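# Topology and contacts: notes
The lines below spell out each chain.
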Amino acid sequence: MKTGEAIRHMCEVAGKGTVEVSGDIGRGRSYVGSILSRGSTPQADTLAEIAEACGYELVLIGHGEKIVIEYEPRDER
C-alpha cells in the first residue's frame, strides 16, 4: 500500500476526516489533506504521528523482529 493510500485508509477506519486528524496532530486544518492532494510522502515521525491519531502504530518488520516508530509530541522536540 502506498503512503497516501495508507493515510486515507487509517482516517477512514478511524472514522476521522483529514481536517480532524490534522487538528489532532497540532497542524493546520489542511495539513493532511495537502499531503494527500500533493502526493507527498511525510517523514517517518510525521507518519507515525498521523497513525497514532488514527489508532495505529508505524512498525518496521524484518529479520524476525518488529520495531515501532514512535513520534515525539511537538512540545518535546
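Because the structure is predicted, anything quoted here is derived from the model rather than measured.

### Notes on the nonpolar core
- Ile 7, Met 10, Val 21, Val 32 and Ile 50 are the most contacted members of the largest nonpolar core, which has 15 residues in total.
- Of all the secondary-structure elements, those providing two or more residues to this core are helix H1 (3-14), helix H3 (31-38) and helix H4 (44-53).
- Among the elements that make up this core, the one with the highest residue count is H4 (5 residues).
- Those residues in contact with Val 32, other than ones at most four positions away along the chain, are Ile 7, Thr 18, Val 21, Ser 22, Ile 25 and Ile 50.

### Concerning H3
- Those residues of H3 that sit buried are Val 32, Ile 35 and Leu 36. Seen along its axis, H3 keeps its buried residues to an arc of 95°; they face one direction. Those residues of H3 that are exposed and aimed more than 90 degrees away from the buried face are Ser 37 and Arg 38.
- Those residues of H3 that are buried are in contact with H1, helix H2 (18-24) and H4.
- At the C-terminal side of H3, Gly 39 shows a positive phi close to 75°.

### Section: the packing of H1 against H4
- At their nearest, the axes of H1 and H4 sit 9 Å apart, and the two run at 25° to each other. As far as their axial angle goes, H4 and H1 are roughly parallel. Relative to H4, H1 is oriented so that their crossing is left-handed. Every residue of H4 that contacts H1 at Thr 3, Ile 7 and Met 10 is listed here: Leu 47, Ile 50 and Ala 51.
- Of the residues assigned to the contact of H1 with H4, the class counts are 5 nonpolar, 1 polar and no charged.

### A look at the packing of H1 against H3
- Two elements in contact, H1 and H3, have axes whose closest approach is 9 Å; the angle formed by their N-to-C orientations is 140°. By the angle between their directions, the pair H1 and H3 is classed as oblique. The chirality of how H1 crosses H3 is left-handed. Taking contact as the criterion, the partners of Gly 4, Ile 7 and Arg 8 in H1 are, on H3, Val 32, Ile 35 and Leu 36.

Here is what the cut-offs are and how they apply
Residues numbered from 1 in each chain as written. Predicted model: local features only at pLDDT ≥ 70, side-chain atom pairs only at ≥ 80, totals over all residues. Heavy atoms only, no water. Core = buried A, V, L, I, M, F, W, Y, C linked by side-chain atoms within 4.5 Å. Buried < 20%, exposed > 50% of the residue type's maximum accessible area, 1.4 Å probe, protein only. Helix = DSSP H or I, 4+ residues; strand = E, 2+ residues; numbered from the N terminus. Contact = heavy atoms within 4.5 Å. Arc of directions from axis to C-beta. Axes fitted to C-alpha atoms, helices over the stretch in contact; angles between N-to-C directions. Parallel < 35°, antiparallel > 145°, perpendicular 65-115°, else oblique. Left-handed = near helix turned anticlockwise from the far one by under 90°. Nonpolar A, V, L, I, M, F, W, Y, C, P; charged D, E, K, R; others polar.

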